[in-house]
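# Coordinate analysis (summary)
Residue-level listing of the chains:
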Amino acid sequence: MGQDQDLSAQRRPNDRLRRAFAPSRRSAVEPFMVMDVMRAAIDRESAGDRVVHMEVGQPGARAPQAVIAAASAALRDGYFGYTEALGTRALRSRIARHYGEAYGIDLSPEQVVVTTGSSGGFNLAFLSAFDHGDRIALATPGYPAYRNILVALGLETVDIETSAESRFAMTPEMLAAAHAQKPLQGVLVASPANPTGTIMPPEALADLIAAARDLGIRFISDEIYHGLVYEGAAETALKSDPEAIVVNSFSKYYCMTGWRIGWMVLPENLVRPVERVTQNLYISPPDISQRAALAAFDATPELESVKAGYAANRKLLLERLPEIGFDEHAPVDGAFYIYVSVRRFANDSVEFTRRMLAEAGVAATPGPDFDRARGHGTMRFSFAGTEADTAEAVDRLAAWLGNSGSTVR
Ligand SMILES: Cc1ncc(COP(=O)(O)O)c(C=O)c1O
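Sequence positions are assigned chain by chain, starting from 1 and proceeding in written order. Per-residue local features are limited, in this predicted model, to residues with pLDDT of at least 70; the limit for side-chain atom pairs, both in listing and counting, is 80 or more; totals at the level of whole chains, interfaces and linings are taken over all residues. Heavy atoms throughout the structure, all of them, feed into the side-chain values; hydrogens and water do not.

### Remarks on empty space enclosed by the protein
Think of a 1 Å grid over the protein atoms and nothing else: a 1.4 Å probe that fits but is trapped marks a cavity, an open set flanked by protein within 12 Å on at least five of seven lines marks a pocket, and residues with an atom within 4 Å of a point count as lining. Grid points are joined across faces, edges and corners, and a volume is the space filled by probe spheres set on the points. Applying the stated criterion across every chain, the model contains three cavities of 30 Å³ or more. Reported here for the largest cavity is a volume of approximately 190 Å³. What lines the largest cavity is a set of 20 residues, and nearest its centre among them are Ala139, Pro141, Phe168, Ala190 and Ala193. For the lining of the largest cavity, the elements supplying multiple residues, two or more each, are β3 (135-140) and β5 (186-190). In this structure, the second largest cavity is lined by Leu138, Ala139, Thr140, Gly142, Tyr143, Tyr146, Arg147, Asp159 and Phe370. Working definition: helices are DSSP H or I runs of at least four residues, strands are E runs of at least two. Numbering for both runs from the N terminus. Listed by contribution, the elements that provide at least two residues to the lining of the second largest cavity are β3 and α6 (144-152). A total of three residues in the lining of the second largest cavity trace back to one element, the largest contributor, which is β3.

### Describing the sheet that holds strand β9 (residues 337-341)
Spatial strand order, β9-β12-β11: three strands in an open sheet with antiparallel pairing. On the outer flanks of this sheet lie β9 and β11 (365-366), each paired with one strand and no other. Of the strand pairs in this sheet, β9 and strand β12 (residues 378-382) are connected by five bridges, and their pairing is antiparallel. Counted as the bridge partner of Val340 is Met379 from β12. Only heavy atoms enter the contact rule, under which two residues are in contact if any of them lie within 4.5 Å. Axis lines are fitted to C-alpha atoms, over the contacting stretch for helices. Their N-to-C directions set the angle, which ranges from 0 to 180 degrees. Running over the sheet, helix α12 (residues 349-360) touches β11 and β12 and is turned about 40° from β12. Pairing between two strands requires that DSSP report at least two bridges joining them.

### Let's talk about unusual backbone geometry
Cis geometry marks the peptide bond from Thr140 to Pro141, where omega comes out at 0°. Between Asn194 and the following residue, Pro195, the backbone shows a cis peptide bond with an omega angle of 15°. If you trace the backbone, Pro195 turns up in the loop between β5 and α8 (202-215). Here the phi dihedral of Phe168 falls at roughly 60°; this positive angle occurs in a residue that is not glycine. Among the structural elements, Phe168 can be located in the loop between β4 (156-161) and α7 (172-181). Unusually for a residue other than glycine, Arg260 sits at a positive phi of about 50°.

### Some points on the site of the ligand
Lining the immediate environment of the ligand, one finds 14 residues, of which Ser119, Asp222, Tyr225, Ser249 and Ser251 sit closest. Take Asn194: an N or O atom from its side chain is 2.7 Å from an oxygen atom of the ligand. Asp222 places a side-chain nitrogen or oxygen 2.7 Å from a nitrogen atom of the ligand. The accessible surface values rely on the Shrake-Rupley method and a 1.4 Å probe; as for residues, cover is taken only from the protein chains in view. The protein chains hide 92% of the 400 Å² of surface that the ligand would expose on its own. Assessed atom by atom at 2 Å from the grid points, the ligand resides in the largest pocket. Examining the composition of the shell around the ligand, we find that four residues originate from one element, helix α5 (residues 117-129), more than from any other. Ten residue types, Ala, Val, Leu, Ile, Met, Phe, Trp, Tyr, Cys and Pro, are classed as nonpolar, four, Asp, Glu, Lys and Arg, as charged, and the remainder, Gly among them, as polar. Tallied by class, the residues present in the shell around the ligand amount to five nonpolar, six polar and three charged. Residues are labelled near a given molecule or strand when at least one of their non-hydrogen atoms is within 4 Å of it. Within 3.5 Å is the distance limit for a polar contact, defined as a pair of N or O atoms, with the added protein rule that one can donate a hydrogen and the other accept it, and that residues adjacent in sequence qualify only through two side-chain atoms. Pocket or cavity membership: a molecule qualifies when more than half of its atoms sit within 2 Å of the grid points of that site.

The values reported here are purely geometric and, on their own, carry no functional implication.
Shown next, in the form of structure tokens:
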């Protein structure tokens, strides 16, 4: 008996500790499925299997030569410190100049904030612009981290379902209807979008921005895929609304995902709040990446040749995927994604992508990452890899589905 008593006495404090150290409720966000698929793909590669990566939206190309050279020079210098929280003055000025060159917009460097990837930018923007419980509208299908960051920060997300009818874009009517149900404080739009790659024509974007302004809803524009346009034109939200929050990054067009460097353009009254939040949350973006990124805007010929590779991949996929059976997809205007229906083969895209990885050695991202309600019928391929890899993936899929055909279901 004495022994039993001793054991339970030992257990009790541990149980209490376990309860005390449970994870927070706000951390119970959905996983970012694409990262889970990437992990499964790397597991297979570690076991010696060949995998063609079409899951992660990440350029296969290295950062431009000039960026590498700038980073090498910085390494030779050898000293890296904190920078000003809002980023180095040199990089903020260079980004402001880019708006003149790319969009004909005269922008003050004071409105530019350098961030730790656009992901860091979203955290800072949401924290500085919104309060706990505010409601933010997001188009679905859409990039999953928007929702998950907002939820982790205690904001409410309002999914606005889009379809082929509106070219997967949110319309002013959809926004007004959601606002009428219960007022929204913010709306976030990406064009070109992820996962669809679809672009809102400049007039459609301007109309949506005007509607948001009329309704008193703050507009956030994710312009991370600007520069990667094959059809139509991607306009910056700043053209229609100088008060918009614009989020951008060196990750995609500039091929610098791992450098974790991006930027925001903010209305004047948000700059100081973002500075205070940055000082406390991150101190500053990485020094070496800021020095390297300075060179990125002058690497256009090299970056355009990388983009020509994406364009070739896009052409191949648009030709071959329908032949293989992926015959429905969103318009691939920009970015480096094709969002296809898997319905010819399966009702459950999570299981379908799992089998595709296991049996065909091709990794792609299942639709529920982007659209919890309807994504079981869809899947996203990223074509940011090499032309050789894309051709290999197509051949592997043709062989796999040719053999198994509709029996995959
Ligand atoms: C639409 C969109 N926004 C933002 C990001 C985040 O990119 P980063 O933090 O590397 O700038 C991604 C990454 O895939 C994305 O697709």
